[in-house]
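# Structural characterization, general
Now for the letters of each chain:
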Amino acid sequence: MLQNIRDNSQGIVAKIIVGLIVVTFALFGVESLVSLTSGSNAPATVNGVDISERDVLQGADLQRRQLLAQMGENADPTLLDDNLIRKATLDNLIQQEILVQSATNQDMAISDQALDQMIVNTQDFKVDGVFNPDRYQAVLRNAGLTPMMYKNLLRKESLIGYERSGYMGSAFVLSSEAEKIITLDRQTRDLAYLKVGLQDYMKDVSLTPAELTAYYDAHQQDFMTDEQVAIEYLLINKADLLKEVKVDDAELQGQFEQLKAAFKSEEQRTVSHIMIEVSDSVDDAAALAKAQDLEKKLAAGEDFAELAKTESDDPGSASDGGNLGVYQKGMLDGPFEQAVYSLKAGEVSEPVRTAFGYHIIKLTDLSESKAPVFEEVKDQLIAEQLDNKVEQIYVERVGQLTDLAFSSGDLHEPAAELNLKIVEAAPFSRKGGNDDVTSNQRVVRAAFNEELIRDGFNSDPIELDSGRTLVLRVKEHIRPRQLSEEEVRPQITEILTLQKAGEALQASLEAELEKLQQGAERKPVNGAEWQVADAVGRADRKQPAEVMDAAFKLPKPEQGASYSLITLNDGAQAIVAVTAVHEPDLSAVSADEKKAMRNILSQRSGQFDYQAMMEARKNAAEIERL
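Report follows, based on the coordinates. A quick note: this is a predicted structure, and the numbers were derived from the prediction, not measured.

Basis of the calculations
Throughout this document, residue positions are counted from 1 along each chain, in the order its sequence is written. Local features are withheld for residues below a pLDDT of 70 in this predicted model, meaning they are given only at 70 or higher, and side-chain atom pairs are given and counted only at 80 or more; totals for whole chains, interfaces and linings count all residues. Hydrogens and water molecules were not included; the side-chain quantities draw on all heavy atoms of the structure. Every axis in this analysis is a line fitted to C-alpha atoms, fitted for helices over the stretch in contact. Angles between the N-to-C directions lie between 0 and 180 degrees. Numbering of helices and strands runs from the N terminus; a helix is a DSSP stretch of H or I covering at least four residues, while a strand is a stretch of E covering at least two. Roughly parallel here means an angle under 35 degrees, roughly antiparallel means over 145, roughly perpendicular means 65 to 115, and every remaining angle is called oblique. If you view the pair so one helix is near and one far, a crossing is left-handed when the near helix is turned anticlockwise from the far one by less than a right angle, and right-handed when it is turned clockwise. Here, residues are in contact when the closest pair of their heavy atoms is within 4.5 Å. Exposure categories follow from relative accessible area, calculated using a 1.4 Å probe and restricted to protein chains: below 20% of the type maximum is buried, above 50% is exposed, and the middle band is partly exposed. By this definition, two strands are paired if DSSP reports at least two bridges between them. What a helix should span is 1.5 Å times the count of its residues minus one. Each C-beta atom gives one direction from the helix axis, and the arc is the one those directions make. To pair, rings of Phe, Tyr and Trp, with the six-membered ring standing in for Trp, must have centres within 6.5 Å; the planes then decide the type, stacked if under 30 degrees apart, edge-to-face if over 60, and tilted in the middle.

What follows covers the packing of helix H12 (residues 249–262) against helix H17 (residues 374–407). Two elements in contact, H12 and H17, have axes separated by 9 Å at closest approach and are oriented at 115°. One element, H12, and the other, H17, form an angle in the roughly perpendicular class. Considering only the axes of H12 and H17, their crossing is right-handed. Side by side, H12 and H17 meet where Glu251, Leu252, Gln253, Gln255, Phe256 and Leu259 of the first sit next to Phe374, Val377, Lys378, Leu381, Ile382, Glu384, Gln385 and Lys389 of the second.

See below:
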């Protein structure tokens, strides 16, 4: 639990990079970069200031790294379109330069000393709570940055942040405006609605052959088959190679001897703790006082686990009596670890201060790790040996398949040489097939490769995952064709039936709505009953969302009711009525609630103002793309 907290508290460098260079990921998403569009307009100038080729290359490289990290450990770099990444990076750098110039023109600045202080205080660069130059260099190096690059990025982020904070901090909302919003937000309405489905109207629909033909002729482009390919492939599966390897007992013994030689006896310390958090509501002195009080209770004989359950502020361990399990070095650097390694089994520490607050630590168990015993690790060693041998064979076979597939006109020779079966897959479209092979996007891209389709070549090896590789050949290319009217007649019949039923339903409800607006009594229609709900608030989830949306758009009825006719997502239609509107009593709203609403509205106003400024600056800027 504490390790998770520690991990989640890091990442300042990543945030700076993501905020400045990889922001387009949030704007465009991975999918927009997985395409075949081309073209790049870098570099550029903004109001005479150059965005250099190096800036674009560095930014694109950082963005590529971030995208691959977001896509997971099995990310395929070929899915990323370098041209689009480059263009998106340039767009972002232009936007960044516009905002930096805007802040500079407002006489905003940040000194080198302030930047240095920000760097020194960055948690990512600290070891044992102290800034460490070596760690600073290592973190930046892993991110592809030099200290000068990072400092420049930090300066730009700070300047942009200053101006953004100025807009956010200067926006305000009048009390009367906040009260209007509270009134609208807490307003309730008495409503009723009549929902009528299509089913009763569909049975009365009749269609003529001429209508079916007319619809077909007008929508022929909608009735085309998908382009498809039928492939055959050879698959090398690591799991199938297990039958070719056997366990070598002598090698197994050698593995065990290596394991024994590498073994080092280590202490295993099982630790529990009670944490008193220092926060905005509990200051350092109060937290320390509570920790000292708990220390006295423990000294008086109270049970550590019971106190942890009721008093500890660490939710991950409190329910388990404060148990953190076997302590790993580095879980919490500094005072916490020093206390853990100063205790004897059963001892309890004095209150220990860390970044999270005060801890009372108990060493519940202390033991030595034992040397491995052959019978206990035999199965593990066998698995490792077999896995290594299979991996070696797998790599060799993939290499053989690569060479044979390249030199062969089809898959028959590689299949015979490697004793593999040629698998034929059912035709599939660019959306992929129904099995895990033809639904794999790497397979789909290769199968629709124009060169493979035109020349009948075997593909390059395609890695499905860490244990499966295949080579495919396009056996048949099935071009799109026009479906005949007879083939799509059931589909057209369904479309027109729903369309005509919907028109009949709408005409029926429009006539009913006209009667209601003239003061007629609300009555059932086609067996559908009116549903009534009183004093419904905007956040009510018991009523259909479309009904709620319509009800709160209707005007307050002067007499009788206000009505609206809407179409629901399932094709049904409904008449919605609002019979009364109830305004809240603002005297029941506390001053704190009104203040909170003003703050929320002010923030939103500041966001809109800042966004408008950004658009104005962008429109006014002289941007040249070279």
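Now that the structure is up, let's keep going.
So, about the pairing of strand S6 (residues 228–237). Counting buried positions over the 10 residues of S6 gives seven, a clear majority of the element. Here two bridges tie S6 to strand S12 (residues 428–429), and the two strands are oriented antiparallel to one another. What sits directly across from Gln228, in S12, is Ser429. In this structure, S6 lies alongside strand S14 (residues 468–478), joined through 10 bridges in antiparallel fashion. Its bridge partner lying in S14, Leu234 is registered against Val471.

Glancing now at helix H9 (residues 175–186). Taking 1.5 Å of rise per residue, the 12 residues of H9 would be expected to cover 16 Å, and the 16 Å separating its terminal C-alpha atoms lies within 8% of that figure. By the burial criterion, the buried members of H9 are Ala178, Ile182 and Thr183. One side of H9 carries all its buried residues, which in axial view fall inside an arc of 140°. Packed against the buried residues of H9 are helix H23 (591–620).

Per the counting criterion, the structure on display carries eight aromatic pairs. The interplanar angle of 75° and the centroid separation of 4.8 Å between the aromatic rings of Phe125 and Tyr136 together place this pair among those described as edge-to-face. Taken together, the residues Phe125 in the loop between helix H6 (112–120) and strand S3 (126–127) and Tyr136 in helix H7 (residues 133–142) connect sequence positions 11 residues apart. Like Phe125, the residue Tyr136 is buried in the burial classification.

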